[in-house]
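# Residue-level structural notes
In case you want the letters, here they are:
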Amino acid sequence: MSIWGALAERYETEKPQRKLLALDGGGIRGVITLEILAALERKLADKTGQGNTFRLGDFFDYVAGTSTGAIIAAGLAMGMSTGELLDFYSDFGRQMFEKSFLLERLKSFYKREPLAAKLQEIFHDGRGQPATLESAPLKCLLLVVAHNVTTDSAWPISTNPKAKYNASDRRDNNRKIPLWQLVRASTAAPVFFPPETLNWDPDDPSKSFVFQDGGITPYNNPAFLLFRMATQPAYRLEWKTGEQNLLLVSVGTGMAPNVGGSEGKNILANLQGLPGTLMYGVQVDQDVNCRTFGRCVHGSSIDREMGDLVLTDEGTPAQEYGRYFRYVRYNADLSPNGLAKLGIDPKLAPAVQQMDAVAQIDNMRSVGRAVAQTEVSLGHLGSFV
């Protein structure tokens, strides 16, 4: 039997084009990502003629996510629609961020149990049992990024059956890990949630590791990591590179620099702001990497020195620039000026920038819809549509 199992037809043979989707971390701001993805899903559904049966997990060959992006990526890989995931965030978002008891706040601001229980309910094997990375009925390859506290290192864990640590003869096979627990580990933001312990080998205590949110690694934006894991020999997929061979779409949860700094804030306030500050810095750096090695056809300005690094389509057929992949970046500017340009009240900026502002879900969704309306275009995908 093929190591690809039910996905053998899709992955066992080499194909001329592969499509990658990378999703940033950002807490409840994941609804911004989902509104952008919803617009892309609708356009692709119309283009393919598949209507309500279309799923992004069928279109993209490899989906990666960090933190809240891991929840969305896993859902898409399982065949969920963006509408189903938006319902999950809208209906369950407030429970995910339920306040802990006062005496427990020194450990974490939010309880673990509601999110853990809901993830177990969603990520099952089709028979009601919690699915592992191996048994989950996935439509495409999945990559989840977490931070291993025990080894103090980033751990990107993939469902790729060819990968070294996914070999079936290993007792510490990554694919034996429950999917819900891996997603929970990727979302365990320091201060906000307690860490998650994963056990790779029940008979070997040294194979148990403590994990926190992948957003505190260099891969809160996992786009460039996903490119490497899809193409580099070490990961044993070795998909073909080139602007006409590989598409990478990257979607953020919104961004805005912390221009106020830490002056005048107490220790607790600074701790709450730390994850957001780290995530902002790493998502920009990874985005720049993608625009440098890939041929960026859409993305907002990085800064006043670099600009947007966009290389437009010219000529027939479109001119190539010798880059490793075609790259598209969608994200929302959550600064007051950025919101104003989207037709959103700029006074909402401080609120919608927060990763745990569940009361702002509707406003965040409005931001995502505004970005989708002004930016999302199938033309950005070129020959991949």
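Preceding this paragraph is the structure being described.
Quantities reported herein were computed from a predicted structural model and do not represent experimental measurements. (Residues numbered from 1 in each chain as written. Predicted model: local features only at pLDDT ≥ 70, side-chain atom pairs only at ≥ 80, totals over all residues. Heavy atoms only, no water.)

## Notes on the pattern of salt bridges
Close approach of charged atoms lets side chains of opposite charge pair. The cut-off we apply is this: The working definition used for a salt bridge is a side-chain nitrogen of Lys or Arg within 4 Å of a carboxyl oxygen of Asp or Glu. Under the DSSP-based scheme used, a helix requires at least four consecutive residues in state H or I and a strand at least two consecutive residues in state E, with every element numbered from the N terminus. The buried label applies to any residue whose accessible area, calculated with a 1.4 Å probe on protein chains only, is under 20% of its type's maximum; exposed applies above 50%, and partly exposed to all values in between.
Scanning the model with the defined rule gives 16 salt bridges in all. When the shortest N-O distance is used, the salt bridge between Arg369 and Glu35 registers 3.1 Å. Taken together, the residues span a long stretch of sequence, with Arg369 in helix 12 (residues 361-375) and Glu35 in helix 2 (residues 30-48) at a distance of 334 residues. What makes Glu35 buried here is its relative accessible area of 5%. Across the pair Glu196 and Arg184 runs a salt bridge whose closest N-O atoms are separated by 3.7 Å. Of this pair, Glu196 sits in strand 5 (residues 196-199) while Arg184 sits in helix 7 (residues 179-186); the two residues are 12 residues apart in sequence, bridging distant segments of the chain. Overall, Arg184 belongs to the buried group, its relative accessible area being 0%. One network of salt bridges, in which partners are shared, links Arg10, Arg18 and Asp61.

## Regarding the packing of helix 2 against helix 4 (residues 68-77)
For clarity, the threshold we go by: A fitted line through C-alpha atoms represents every axis, and for helices the fit uses only the stretch in contact; the resulting angles, taken between N-to-C directions, go from 0 to 180 degrees. In this scheme the crossing of two helices becomes right-handed for a clockwise turn of the near helix relative to the far one and left-handed for an anticlockwise turn of less than a right angle. Residue contacts are defined here by distance: any two heavy atoms, one from each residue, within 4.5 Å place the two residues in contact. Ten residue types, Ala, Val, Leu, Ile, Met, Phe, Trp, Tyr, Cys and Pro, are classed as nonpolar, four, Asp, Glu, Lys and Arg, as charged, and the remainder, Gly among them, as polar.
Put simply, helix 2 and helix 4 touch, their axes get as near as 9 Å, and they point 35° apart. Remark: the crossing between helix 2 and helix 4 carries right-handed chirality. For the pair helix 2 and helix 4, contact is made by Gly30, Thr33, Leu34 and Leu37 and by Thr68, Ile72 and Leu76, respectively. Of the residues contributing to the contact of helix 2 with helix 4, the split by class is four nonpolar, three polar and no charged.

## Here's the deal with the packing of aromatic side chains
Going by this rule: Pairing of aromatic side chains here covers Phe, Tyr and the six-membered ring of Trp, requires ring centres within 6.5 Å, and sorts the geometry by plane angle: under 30 degrees stacked, over 60 edge-to-face, intermediate tilted.
Applying the stated criterion across every chain yields a total of 18 aromatic pairs. A centroid spacing of 5.7 Å and a plane angle of 20° characterise the contact between Phe88 and Phe92, whose relative ring orientation is stacked. With Phe88 and Phe92 both in helix 5 (residues 82-96) and four residues apart, this pair spans about one turn of that helix. The exposure class assigned to Phe88 is buried, which follows from its relative accessible area of 6%. Here the aromatic rings of Trp200 and Phe211 are separated by 5.8 Å at their centres, their planes lie at 35°, and the arrangement is tilted. One end of the pair, Trp200, is in the loop between strand 5 and strand 6 (208-213); the other, Phe211, is in strand 6, and 11 residues separate them in sequence. A single burial state applies to Trp200 and to Phe211, both of which are buried. Cluster of aromatic residues (ring-pair linked, three or more members): Phe224, Phe227, Phe293, Tyr324, Phe325 and Tyr327.

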